[in-house]
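Take a look at the letters that make up each chain.
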Amino acid sequence: MHHRNFALLFSKRLADANIPWLGAGKGPRLHDLRHSFAVHRMILWYEQNADLGAKLPLLATYLGHVNLYSSQYYLRLTEDLLSSVISRYQARFGNLIEAGRIE
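Residues numbered from 1 in each chain as written. Predicted model: local features only at pLDDT ≥ 70, side-chain atom pairs only at ≥ 80, totals over all residues. Heavy atoms only, no water.

Of regular secondary structure, the protein chain possesses 5 helices and 0 strands. Long-range contacts, defined here as pairs at least 24 residues apart, represent 42% of the contacts in the protein chain between residues at least 6 apart. Roughly 8100 Å² of accessible area belongs to the protein chain as shown, and the carbon and sulfur atoms make up 56% of that amount. (Helix = DSSP H or I, 4+ residues; strand = E, 2+ residues; numbered from the N terminus. Contact = heavy atoms within 4.5 Å. Areas by Shrake-Rupley, 256 points an atom, 1.4 Å probe, with all protein chains shown as cover.)

Put simply, the protein chain has an average pLDDT of 78, and 83% of its residues get 70 or more. Mean pLDDT in the protein chain bottoms out at helix α5 (residues 79–93), which sits at 72, and peaks at helix α1 (residues 3–16), which reaches 87. (pLDDT = per-residue confidence, 0-100.)

Moving on, we come to unusual backbone geometry. Positive phi is not limited to glycine here, since Asn18 has a value of about 55 degrees. Its place among the elements puts Asn18 in the loop between α1 and α2 (30–47). Taking relative accessible area as the criterion, Asn18 reaches 68% and is therefore assigned exposed. (Buried < 20%, exposed > 50% of the residue type's maximum accessible area, 1.4 Å probe, protein only.)

Core analysis: the biggest nonpolar cluster contains 6 residues, these being Ala38, Met42, Trp45, Leu56, Leu59 and Leu63. Elements with a contribution of two residues or more to this core: α2 and α3 (52–62). Residue contributions to this core peak at 3 residues, all from α2. (Core = buried A, V, L, I, M, F, W, Y, C linked by side-chain atoms within 4.5 Å.)

What follows deals with the pattern of salt bridges. Taken as a whole and judged by the stated rule, the model has 2 salt bridges. Residue Arg13 is joined to Asp16 by a salt bridge in which the shortest nitrogen-to-oxygen separation is 2.7 Å. A residue pair is termed a helical-turn pair when its members lie 3 or 4 positions apart in one helix, as Arg13 and Asp16 do in helix α1 at 3 residues. Exposure remark for Asp16: the relative accessible area of 54% places this residue in the exposed category. (Salt bridge = Lys/Arg side-chain N within 4 Å of Asp/Glu carboxyl O.)

On to a nonpolar patch on the surface, then. On the surface, a nonpolar cluster with roughly 340 Å² of combined accessible area is contributed by Met1, Phe6 and Leu9. With respect to the helices and strands, Met1 occurs in the segment before α1. Residue class for Met1 comes out exposed when judged on its relative accessible area of 75%. (Patch = residues over 30% accessible without salt bridge, like charges linked within 9 Å, V, L, I, M, F, W, Y side chains within 5 Å.)

Looking now at the packing of aromatic side chains. Inspection of every chain in the model, using the stated rule, returns 1 aromatic pair. With centroids separated by 5.3 Å and ring planes inclined at 45 degrees, the aromatic side chains of Phe37 and Tyr62 adopt a geometry described as tilted. Pair noted here: Phe37 is in helix α2 and Tyr62 is in helix α3, with a separation of 25 residues, a long-range link. (Phe/Tyr/Trp six-rings, centres within 6.5 Å; stacked < 30°, edge-to-face > 60°.)

Spelled out as C-alpha cells, the structure:
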C-alpha cells in the first residue's frame with residue numbers, strides 16, 4: 001500500500017473515532033502510533049527483566065532501522081519507566097533517591 005493511501009485511511013479512522021486532527025506535524029500522526037509501540041514495548045521488556053541489549057536490535061529491525069543509532073529517538077526515559085527503574089533499584093540497593101525529589 002502506498003504511504004499516501006495509508007495516511008488517508010488513517011485520517012478516515014480518526015474521523016470515525018471522533019478524534020480531531022490538529023494539522024500537519026501536530027497530529028495525531030501515524031508516526032505517533034509507531035513511537036508509542038516502540039516505547040511501550042521497551043517498558044514491557046524492562047518490566048519483564050528482559051535483556052535490553054539483546055532485544056533492542058530486534059526492535060530496530062522490526063521498525064525497519066538499519067542500526068540502533070536510528071532507533072535512539074525511541075530510547076527516551078518516560079515517567080512510567082522512571083518509576084519502574086527507581087522501584088527496581090530501591091529494592092536492590094535501598095533508598096538512593098528520596099521520595100518527592102524527582103523533578
